[in-house]
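Listed below are the residues making up each chain.
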Amino acid sequence: MVGAGQAGIEAALASSRLGRRTLCVTLKLDRIGHLPCNCSIGGPAKGHIAREVDALGGQMAVTTDHTMTHLRKVGTGKGPAVQTTRAQVCKTDYPLSMQSIVRLQPNLDLFEGEVTGIDAAGGRVTAVRVQAGGESFRFDCRAVILTTGTFLNGLCHEGRNKTIAARQGDRAVQDLAAFLLDLGVRIKRFKTGTTPRIRLGTINFERTEVMPSEWDAGPMSFLHDRPMPKRELLPTWQTRTTAETHALLSDNLSQSAMYSGEIEGVGPRYCPSIEDKVVRFAQKESHPIFLEQEEWDSDSVYVQGFSSSMPADVQLAALRTIPSLERAEMIRPGYAVEYDMADPLQIGPTLMSKLLPGLFLAGQINGTSGYEEAAGQGILAGINAARFSAGEAEVTLPRTGSFIGVMVDDLVTKGVDDPYRMLTARAEHRLLLRHDNADQRLTPIAAQLGLACDVRKRRLDDKLEAIERGKRWLADTHFFEVDNGLLDDRGLAPVKGRCCFLELLRRPEVDLGTIEALARATGVWDGSLPPEADDGDFGAAGPAARAQIEIEAVYSGYLKRQEEEAELAMRLDDLAIPPQFAFVELKGLSHESKEKLGNVRPLTVGQASRIPGVRPSDIALLIGHLRQRK
Ligand SMILES: Cc1cc2nc3c(=O)[nH]c(=O)nc-3n(C[C@H](O)[C@H](O)[C@H](O)COP(=O)(O)OP(=O)(O)OC[C@H]3O[C@@H](n4cnc5c(N)ncnc54)[C@H](O)[C@@H]3O)c2cc1C
């Protein structure tokens, strides 16, 4: 295990929890779990991944529930596919909590040092080479996972100042980057950036809009009934850039690392710097800025929406044009970092390198951006490295079953041209991949693999039982025409003859609260529906089961259609292509498809069909050929 950011932590924990002796080598033990940018976990699509990592037995969501400082619901005005939560965590507590988890984890050893290369024999990994305290070490192993984030040839920019570093406070590494190049890994240069931090006491809060925490957003982890922050949750504050901010930034573009040509790396499309926003969205009069306290016990505030690689004095002047920040003092300026990433087209859907069996890659090294994306890949790589080293078949996660599956499939099938960030729109069947049902989708897989603890399994069983019991009661219990007056009282259309309560629940304006009231009024209530509070026969499963029943009832038509489409897609993913299949020799295949298929070397027809530029007629030809071969 190389690295202990969010990818490395999940990978190391998964591997050791699966019973493999695992060594995690990282540059600084006291930076394990460090959050170099916004201390936020979750948000659109990212919240879904955090829940999926949790459902698979991962750590991110559990630690978030214990260390959060702020919590909000996201996507509430939209359908259930988009709804999730976003938490801010304490910048010091979160990594400290992660450090104690990894230190106490059986089968997991930690080692402070720099991995400089990997040894291989017989076409597979045999050892890692490490430099530590001026000495050289060699650790034998059967599998290695690289999760080196922005460290490979990292170069930080602040205006025209350049520093060789992976991020503030961390040096860059060169030897491992050189090793990967020698191995034949295609390296690209990407860039990301962070915002200035300002002093809490220098903000004029009267000129901000307060965004209080929403305690009822619920826990991040399926193991918890509620979030467990150690103190009362904090608010965040909103303000906006002004025409003056934009003018100042535009006037100083020549000093920006990005616009003066200092940065070669490609930046994140969905998380542009403030100077980039001012240029790309010139017609916009202002951009929102969120002020987020980074820790319980410090006055450092993260200026979300203001990532910049301008010189410090320009950043400060621009900040002071923003209402509420007129007297802001900067603790440190924002900066950008350029780094090497490895082309994910050279890894397979298990995250193992196609160049060297036993070598796995996860996290930002694969061209993604974000803690959750890193954690999602980390847990999958940890599972597969553990299974590979034990001689067991590796696992893949289909894109029809999880956002992690969507992300990995996108990476290994389409590759990346800019830092990949998860969006709900990337999933074709996103109504199936909801925040609320990640446990139903993935905990059974975790249980089969041996990653789900007993509490997790029991909580899922309780939830499923509560859903089943509730649905059965709704389907078997009827509302009769004679009681139509009760519907009329509530402004609801009457029923003809009789109608089961499940059918009534399908009406968008009816929820389980209404059903319960109607059942009580008609004398058929027997308590079979899960309660709103966590108690009674249903244990803690009540509210979660209740939400499932409502969503499944209201969206039953859409869900059915997406399930059918997903099943169809799965059929193509079940059609395997032999690993050494010679696409060039397949008669009738277009030249373009031959080239693209040969480059990616898809393992299933489903994967082949998603490669950009591969024609549907060529896929039909491939299916015909594979069926004939069979
Ligand atoms: C300045 C900055 C700004 C960012 N801004 C955003 C943003 O706006 N939005 C967003 O979504 N994401 C952002 N990110 C990205 C997000 O922080 C990362 O995607 C995520 O943390 C990556 O996690 P990781 O586990 O892949 O790598 P990291 O968290 O970077 O961890 C890498 C680990 O590898 C170790 N390591 C590296 N090389 C070696 C070696 N040779 N030997 C031993 N150990 C090694 C390091 O010590 C470290 O533990 C930003 C990152 C940075 C640095």
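Residues numbered from 1 in each chain as written. Predicted model: local features only at pLDDT ≥ 70, side-chain atom pairs only at ≥ 80, totals over all residues. Heavy atoms only, no water.

## Quick look at the sheet that holds strand β11 (residues 161–163)
Right, on to step 1. Pairing is antiparallel in the open sheet, where 4 strands are placed in the order β11-β10-β19-β12. The sheet terminates laterally at β11 and β12 (187–194), the two strands that pair on one side only. Between one strand axis and the next, the sheet turns through 25 degrees on average, direction left out of account.
Right, on to step 2. Two strands pair when backbone bridges link them, and strand β10 (residues 155–158) and strand β19 (residues 335–342) are joined in this way by 3 bridges, in the antiparallel orientation. Each bridged residue has a counterpart across the sheet, and for H157 the counterpart in β19 is A336. (Pairing = 2+ DSSP bridges. Helix = DSSP H or I, 4+ residues; strand = E, 2+ residues; numbered from the N terminus. Axes fitted to C-alpha atoms, helices over the stretch in contact; angles between N-to-C directions.)

## Considerations on the pattern of salt bridges
Right, on to step 1. Per the stated rule, a full pass over the model turns up 46 salt bridges.
Right, on to step 2. Where R546 meets E532, a salt bridge forms, and the shortest distance between an N and an O atom there is 3.8 Å. Taken together, the positions of R546 in helix α16 (residues 542–554) and E532 in the loop between α15 (512–521) and α16 put the pair 14 residues apart, joining distant regions of the chain.
Right, on to step 3. In this structure E532 comes out as exposed when scored by relative accessible area, which is 63%.
Right, on to step 4. The network of salt bridges with shared partners includes R399, D409, D410, K414, E428, D573 and R610. (Salt bridge = Lys/Arg side-chain N within 4 Å of Asp/Glu carboxyl O. Buried < 20%, exposed > 50% of the residue type's maximum accessible area, 1.4 Å probe, protein only.)

## Digging into the domain arrangement of the chain
Right, on to step 1. Taken domain by domain, the chain consists of domain 1 (6–131 + 174–187 + 343–444), domain 2 (197–337), domain 3 (454–559) and domain 4 (575–629).
Right, on to step 2. A C-alpha centroid distance of 38 Å is found between domain 1 and domain 3.
Right, on to step 3. Each partner contributes to the interface: domain 1 provides 15 residues, whereas domain 3 provides 11 residues.
Right, on to step 4. Interface of domain 1 and domain 3: buried area, both sides summed, is about 1,100 Å²; carbon and sulfur atoms make up 60% of it.
Right, on to step 5. If you look at where domain 1 meets domain 3, you find 2 salt bridges.
Right, on to step 6. Between D439 and K463 there is a salt bridge, with the nearest N and O atoms lying 2.9 Å from each other.
Right, on to step 7. Across the contact surface, domain 1 and domain 3 share 6 residue pairs in polar contact (both at pLDDT 80 or more).
Right, on to step 8. Top element by residues in the side of domain 1 that touches domain 3 is helix α11 (residues 438–449). It accounts for 4 residues.
Right, on to step 9. For the side of domain 1 that touches domain 3, the class distribution of residues is 5 nonpolar, 6 polar and 4 charged. (Domains from an automatic or database assignment. Contact = heavy atoms within 4.5 Å. Buried area = accessible area lost by both parts, 1.4 Å probe. Polar contact = N/O pair within 3.5 Å; in protein donor to acceptor, adjacent residues only side chain to side chain. Nonpolar A, V, L, I, M, F, W, Y, C, P; charged D, E, K, R; others polar.)

## Here's the deal with helix α4 (residues 93–104)
Right, on to step 1. The end-to-end C-alpha distance of α4, which contains 12 residues, comes to 17 Å, matching closely the 16 Å that a straight helix rising 1.5 Å per residue would cover.
Right, on to step 2. Along α4, the residues classified as buried are D93, Y94, P95, S97, M98, Q99 and V102.
Right, on to step 3. The inward-facing, buried residues of α4 contact α1 (6–17), β2 (40–42), α3 (60–67), β4 (84–89) and β5 (108–112). (Expected span 1.5 Å × (residues − 1).)

## A short note on the environment of L355
Right, on to step 1. Note that L355 resides in the loop between β19 and β20 (359–361).
Right, on to step 2. Between the alpha carbons of L355 and E516 there is a distance of 60 Å; along the sequence they are 161 residues apart.
Right, on to step 3. With residues up to four places along the chain from it excluded, the contact list for L355 reads L183, G184, V185 and Q346.

## Some thoughts on the nonpolar core
Right, on to step 1. Core analysis: the biggest nonpolar cluster contains 106 residues, and I118 and L146 have the highest contact counts within it.
Right, on to step 2. Here this core takes 10 residues from helix α9 (residues 371–389), the largest share from any one element.
Right, on to step 3. Discounting residues that sit within four places of it in the chain, I118 has contacts with V125, A127, V128, R129, V144, L146, F179, L356 and L359.
Right, on to step 4. If you look at the next biggest cluster of nonpolar residues, it comprises 24 residues, including I467, L474, I515 and A553. (Core = buried A, V, L, I, M, F, W, Y, C linked by side-chain atoms within 4.5 Å.)

## Let's talk about the packing of aromatic side chains
Right, on to step 1. With the rule as written, the count across this model stands at 10 aromatic pairs.
Right, on to step 2. Ring geometry for F111 against F137: centres 5.2 Å apart, planes inclined by 70 degrees, an arrangement best described as edge-to-face. Within this pair, whereas F111 is found in strand β5, its partner F137 is found in strand β8 (residues 135–140), the two being separated by 26 residues in sequence.
Right, on to step 3. Taking the centre distance of 6.2 Å and the plane angle of 75 degrees together, the rings of F479 and F501 count as edge-to-face. (Phe/Tyr/Trp six-rings, centres within 6.5 Å; stacked < 30°, edge-to-face > 60°.)

## Thoughts on the site of the ligand
Right, on to step 1. The ligand sits among 35 residues. The nearest are A7, C37, V115, Q364 and G370.
Right, on to step 2. At 3.2 Å, a backbone N or O of T147 approaches an oxygen atom of the ligand.
Right, on to step 3. Separating an oxygen atom of the ligand from a backbone N or O atom of G370 is a distance of 2.8 Å.
Right, on to step 4. Protein contact buries 95% of the 990 Å² of open area that the ligand shows by itself.
Right, on to step 5. Of all elements in the fold, only α1, β1 (22–26), β6 (114–121), β12, β19 and α9 reach the threshold of two or more residues within the shell around the ligand.
Right, on to step 6. Sorting elements by how many residues they give to the shell around the ligand places β12 first, with 3 residues.
Right, on to step 7. Across the shell around the ligand, the residue classes break down as 16 nonpolar, 16 polar and 3 charged.
Right, on to step 8. Three or more residues apiece are contributed to the shell around the ligand by two domains, here domain 1 (6–131 + 174–187 + 343–444) and domain 2 (197–337). (Near = heavy atom within 4 Å. Areas by Shrake-Rupley, 256 points an atom, 1.4 Å probe, with all protein chains shown as cover.)

## Some details on the environment of L200
Right, on to step 1. Mapping L200 onto the fold places it in the loop between β13 (197–199) and β14 (209–211).
Right, on to step 2. Sequence separation between L200 and T147 is 53 residues, and the spatial gap between their C-alpha atoms is 34 Å.

## Comments concerning the sheet that holds β8
Right, on to step 1. If you walk across this open sheet you meet the 3 strands as β6-β7-β8, and the pairing is antiparallel. The two strands at the open ends of the sheet, each matched to only one other strand, are β6 and β8. The sheet shows a mean angle of 25 degrees between the axes of neighbouring strands, direction not considered.
Right, on to step 2. Examined bridge by bridge, strand β7 (residues 124–132) and β8 share 6 bridges and lie antiparallel to one another. For V128, the partnering residue across the bridge sits in β8 and is F139.
Right, on to step 3. On the sheet, helix α5 (residues 175–183) packs against β6 and β7 and is oriented at approximately 25 degrees with respect to β6.

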